[in-house]
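Geometric and topological summary
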Amino acid sequence: MEATMAEATIAIEGMSCQHCVMAVKKALGGVPGILESDIQVGSAVVKYDESKTKKEDIEARIEKAGYRVKK
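Everything in this summary refers to the structure shown in the same document.

What counts and how
Residues numbered from 1 in each chain as written. Predicted model: local features only at pLDDT ≥ 70, side-chain atom pairs only at ≥ 80, totals over all residues. Heavy atoms only, no water. Salt bridge = Lys/Arg side-chain N within 4 Å of Asp/Glu carboxyl O. Helix = DSSP H or I, 4+ residues; strand = E, 2+ residues; numbered from the N terminus. Axes fitted to C-alpha atoms, helices over the stretch in contact; angles between N-to-C directions. Parallel < 35°, antiparallel > 145°, perpendicular 65-115°, else oblique. Left-handed = near helix turned anticlockwise from the far one by under 90°. Contact = heavy atoms within 4.5 Å. Expected span 1.5 Å × (residues − 1). Buried < 20%, exposed > 50% of the residue type's maximum accessible area, 1.4 Å probe, protein only. Arc of directions from axis to C-beta.

This part covers the pattern of salt bridges. Summed over the entire model, instances satisfying the criterion amount to 4 salt bridges. The salt bridge partner of Lys-47 is Glu-7, with a shortest N-O separation of 3.8 Å. Of this pair, Lys-47 sits in strand 3 (residues 43-49) while Glu-7 sits in strand 1 (residues 5-13), and the two are 40 residues apart along the sequence. Across the pair Lys-71 and Glu-59 runs a salt bridge, and its minimum N-O distance is 2.7 Å. With Lys-71 in the segment after strand 4 (68-70) and Glu-59 in helix 2 (residues 55-64), this pair connects stretches of sequence that are 12 residues apart.

A word on the packing of helix 1 (residues 18-29) against helix 2. The N-to-C vectors of helix 1 and helix 2 enclose an angle of 135°; their axes lie 9 Å apart at closest approach. One element, helix 1, and the other, helix 2, form an angle in the oblique class. The crossing of helix 1 and helix 2 is right-handed. Residues Val-24, Ala-27 and Leu-28 of helix 1 pack against Ile-58, Arg-61 and Ile-62 of helix 2.

Three- or four-residue spacings in an α-helix give side chains the same orientation, since the helix completes a turn every 3.6 residues. An ideal rise of 1.5 Å per residue puts 16 Å on 12 residues; helix 1 measures up with 16 Å between its terminal C-alpha atoms. Listed as buried for helix 1 are Cys-20, Val-21, Val-24, Ala-27 and Leu-28. Angular distribution of buried residues about the axis of helix 1 spans 125°; they occupy a single face of the element. Exposed residues on helix 1 whose side chains face more than 90 degrees from its buried face are Gln-18, His-19, Lys-26 and Gly-29. Where the residues of helix 1 are buried, they touch strand 1, strand 2 (34-40), strand 3 and helix 2.

This is the structure:
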């Protein structure tokens, strides 16, 4: 089965420092299918395999880490 690649830019509220960036990186580290992520204060750009994870799953992990995803 061929991988279906997607890229999502996610706006994140509640981040204010490098600790927040590291917390989001850690939260996304366990998500299967994420190939690359660029996390900054206030946003994340995530490249992922849609056959292994969905954007909603990625957003849920960010929110579980204590941050708000802007829709």
